[in-house]
Amino acid sequence: MIRRLACMAALLLLCLTPLLAAAHTVSLVVRDTPLAEVYEMLSREQEVNIILGKNVEGSVSVNLHRVSLDQAIRSIADAAGYVAELRPSGYVIVGRDEAGKDSANANTVIRAFKVEYSDPKLVAEIVEKHLSRYGEVTELEDRRLLIVEDLPDFVRRVEKLLTELDRDPRQILIEARILEIKLDDDATWGVDWSHAFSPKDGAARIGVKDLALKTSPGFFFDLMNSDIEVAITALATRGRVRTLSTPTLLALEHEEAEVVVGDRLGFRVTTTINQVTTESVEFLESGVILRFTASVDRSGRIVLKIHPEVSTGTVSDGLPSQTTAELSTTLLTEDGQKIFLGGLIKNRETRTRKGVPILMDVPLIGLAFRQDSLDVINTETVVILTAHLVDEGTPLLATGRVRHARETEQELEGRRTRLERYFGGPESSPVPEPQFDLAPGPEPDPASAEARP
């Protein structure tokens, strides 16, 4: 009976030995002990193969308390300035410069990261600064890939960093209207837009960049109400407004977008370098040009860098010349807010000749048969911009519906305001007295009178 119990106990101990070994921890305290002696002690006590590579020497002092055998072997090697590699035959202690050269390094892992939106070269330079001494990053520019090899903790940190650096950019929908307003003789300095705003209610701000001369950019307005629409409509009814362009663009943040409605005039350029002459063709862009770069801050507001330009160009004898009205500005706006830019004033001269045919061209006496006139037309170019932030995951169709609802609401509000101004406001509107017709009417039909309830 005793022999049978002893055999069962031995068999149970044999079955539990692997489980106990897996859960076994190591505690070790050494002071200035040669590295070879420390690993020899661990190898004998834990029955594990530990091989020291060439030129692995020195002393080590460690204080380990209840750590796994793998952690103990790696910690001792790291404290001595070496690396412990786990190979099929056991652990091999090598120098840090030799790690991973003879076999796959178990200390490091390799990950490939796809760079979708950022510059892979710039991202690789940033990632390289956040690697460990074992880390290495390789850039595949054609495929926009970064191959990162490093310790697992550092690779996870790189993954979090790339999530912030290469996040999805926001999209901004820009609606623009570029208008040309003909100025009369009383508007030498441009249209007085201050009457179209209502600063008393805090809904509009007017800022002056410079005094509006005929040849230079002038006033800049930040529009926050619908009164400007009424003013432009009033000018349009008198034939003084001409629409130059109405572009609509969807752009990524931090990327420059451009709309060109005009001409590209070609001209030849000759370049001589080291007695070698080359000839190329360049183009002069003119017309209605709108350039902008948009970005979104943490509060959901839109930062716009805007550069509108209205220009005319000519090429005479191979030399290009251009007349332009343009401005550049950076502003901060809310989603759906309208921005008004004005004060781009320019003049255009038109010479005309009228007279009697043939006689008007006779020298000297032709002056009596013709009439020469010079017409000077002053115009002001204004730009109305509306920036819409496209929400992440929102279809553009839904965004368009929301924008249409906003425009309808603004239009109804504008009509109500115009009606109140026309009738003098809701409080001062006179209530018309009822009018009664005292003239005798026709006699009522008795049959129809009896049929009434």
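No experiment lies behind these values; they were computed from the predicted model shown.

Visitor: Can you help me understand the overall build of the protein chain in this one?
Guide: Helices and strands together make up the secondary structure of the protein chain, namely eight helices and 20 strands. Across the 453 residues that make up the protein chain, the buried fraction comes to 32%. The contacts in the protein chain between residues at least 6 apart in sequence include a share of 63% that link residues at least 24 apart. In the structure as shown, the protein chain presents an accessible area of about 30200 Å², 53% of it carried by carbon and sulfur atoms.

Visitor: In this structure, what is going on with helix H5 (residues 152-165)? I would like to understand it.
Guide: Think of an α-helix as 3.6 residues a turn; residues three or four steps apart then line up on the same face. End to end, H5 covers 20 Å across 14 residues, agreeing with the expected 20 Å (1.5 Å per residue, within 8%). Every buried residue of H5 is accounted for by Val155, Val158 and Leu162. Considered in projection along H5, the buried side chains sweep an arc of 55 degrees and stay on one side of the axis. Looking at H5, the residues exposed on the side facing more than 90 degrees away from the buried face are Asp153, Lys160 and Glu164.

Visitor: So what exactly am I meant to see when it comes to a nonpolar patch on the surface here?
Guide: On the surface, a cluster of nonpolar side chains totalling about 470 Å² of accessible area is made up of Val356, Leu359, Leu364, Ile365 and Phe369. Inspection of the secondary structure puts leucine 359 in the loop between strand S19 (338-355) and strand S20 (370-390). Judged by relative accessible area, leucine 359 falls into the partly exposed class, the value being 36%.

Visitor: How should the pairing of S20 be read in this particular structure?
Guide: Relative to S20, strand S9 (residues 171-182) is paired through twelve bridges, and the arrangement is antiparallel. Following the sheet pairing, glutamate 180 is matched in S20 by threonine 381. Relative to S20, S19 is paired through 16 bridges, and the arrangement is antiparallel. In the sheet register, arginine 353 faces S20, and the bridge partner there is aspartate 372.

Visitor: How do you make sense of the pattern of salt bridges when you look at a structure like this?
Guide: Opposite charge on two side chains allows them to pair when their charged atoms are near. According to the stated counting rule, one finds 14 salt bridges in the structure shown. For aspartate 70, the salt bridge goes to arginine 74, with nearest N and O atoms at 3.1 Å. In this pair, aspartate 70 and arginine 74 are both assigned in helix H3 (residues 69-80), four residues apart and thus about one turn of the helix distant. For arginine 74, a relative accessible area of 21% corresponds to the partly exposed category.

Visitor: What is the right way to read the side chain of threonine 379 from this model?
Guide: Along the polypeptide, threonine 379 turns up in strand S20. Residue threonine 379 is classed as buried on the basis of its relative accessible area of 3%.

Visitor: Honestly, the nonpolar core in this entry has me stumped. Any pointers?
Guide: General note: in soluble globular proteins, nonpolar side chains tend to be found buried as a group. Judged by nonpolar contacts, the single largest core of 26 residues is most densely connected at Ile172, Ile174, Ile178, Ile302, Leu304, Ile306 and Leu385. Secondary-structure elements contributing two or more residues to this core are S9, strand S15 (276-296), strand S16 (302-316), S19 and S20. A total of five residues in this core trace back to one element, the largest contributor, which is S15. Not counting chain neighbours up to four residues away, the residues in contact with leucine 304 comprise Ile174, Phe292, Thr293, Ala294, Thr329, Thr330, Leu331, Thr333 and Ala387. Judged by nonpolar contacts, the second largest core, of 23 residues, contains Val56, Leu69, Ala84 and Ile93.

Visitor: Help me out: how do you make sense of the packing of helix H4 (residues 120-128) against H5 in this one?
Guide: When two helices pack together, their arrangement is captured by the angle between the axes and the distance separating the axes. Remark: H4 packs on H5, axes separated minimally by 11 Å, with the N-to-C direction vectors making an angle of 140 degrees. Handedness of the H4/H5 crossing: right-handed. On the side of H4, the interface is formed by Val123, Ile126 and Val127, while H5 contributes Val158, Leu161, Leu162 and Leu165. Looking at the contact of H4 with H5, its residues break down into seven nonpolar, no polar and no charged.

Visitor: Whenever I open this one, the sheet that holds strand S4 (residues 82-87) confuses me. Can you help?
Guide: Where strands meet in a sheet, backbone hydrogen bonds hold them as pairs that are either parallel or antiparallel. Taken together, three strands build an open sheet; the order of strands is S2-S5-S4 and the sheet is mixed. The two strands at the open ends of the sheet, each matched to only one other strand, are strand S2 (50-52) and S4. Taking each pair of neighbouring strands and ignoring which way they run, the sheet shows an average axis angle of 25 degrees. Bridging between S2 and strand S5 (residues 90-95) involves three bridges; their strand directions are parallel. Bridging from a neighbouring strand, isoleucine 50 pairs with tyrosine 91 of S5. Its contacts with the sheet put helix H2 (residues 35-46) on S2, S4 and S5, and the angle it makes with S2 is roughly 165 degrees. Relative to the sheet, H3 contacts S2, S4 and S5, its axis offset from that of S4 by approximately 150 degrees.

Visitor: What should I look at first to understand the environment of serine 373 in this one?
Guide: Take serine 373: it is sitting in strand S20. Serine 373 sits in the partly exposed class, given a relative accessible area of 29%. Linking serine 373 and lysine 354, residues 19 residues apart in sequence, is a C-alpha distance of 8.4 Å. With near-sequence residues (within four places) excluded, serine 373 lies in contact with Thr350, Arg351 and Thr352.

Visitor: Is there a simple way to explain a negative patch on the surface in this structure?
Guide: Where like charges cluster on the molecular surface, the negative patch consists of Asp119, Glu125, Glu128, Glu136, Glu141 and Asp142. By secondary structure assignment, the location of aspartate 142 is in the loop between strand S7 (136-140) and strand S8 (145-150). A relative accessible area of 80% places aspartate 142 in the exposed class.

Visitor: Help me out: how do you make sense of the packing of H2 against H3 in this one?
Guide: Running from N to C, H2 and H3 point in directions that differ by 175 degrees, and their axes come no closer than 11 Å. Relative to H3, H2 is oriented roughly antiparallel. On the side of H2, the interface is formed by Leu35, Val38, Tyr39, Leu42 and Gln46, while H3 contributes Leu69, Ile73, Ile76, Ala77 and Ala80. Classifying every residue of the contact of H2 with H3 by side-chain character gives nine nonpolar, one polar and no charged.

Criteria and cut-off values
Residues numbered from 1 in each chain as written. Predicted model: local features only at pLDDT ≥ 70, side-chain atom pairs only at ≥ 80, totals over all residues. Heavy atoms only, no water. Helix = DSSP H or I, 4+ residues; strand = E, 2+ residues; numbered from the N terminus. Buried < 20%, exposed > 50% of the residue type's maximum accessible area, 1.4 Å probe, protein only. Contact = heavy atoms within 4.5 Å. Areas by Shrake-Rupley, 256 points an atom, 1.4 Å probe, with all protein chains shown as cover. Expected span 1.5 Å × (residues − 1). Arc of directions from axis to C-beta. Patch = residues over 30% accessible without salt bridge, like charges linked within 9 Å, V, L, I, M, F, W, Y side chains within 5 Å. Salt bridge = Lys/Arg side-chain N within 4 Å of Asp/Glu carboxyl O. Pairing = 2+ DSSP bridges. Core = buried A, V, L, I, M, F, W, Y, C linked by side-chain atoms within 4.5 Å. Axes fitted to C-alpha atoms, helices over the stretch in contact; angles between N-to-C directions. Left-handed = near helix turned anticlockwise from the far one by under 90°. Nonpolar A, V, L, I, M, F, W, Y, C, P; charged D, E, K, R; others polar. Lys, Arg positive; Asp, Glu negative; His and termini not counted. Charge placed at Lys NZ, Arg CZ, Asp CG, Glu CD. Parallel < 35°, antiparallel > 145°, perpendicular 65-115°, else oblique.

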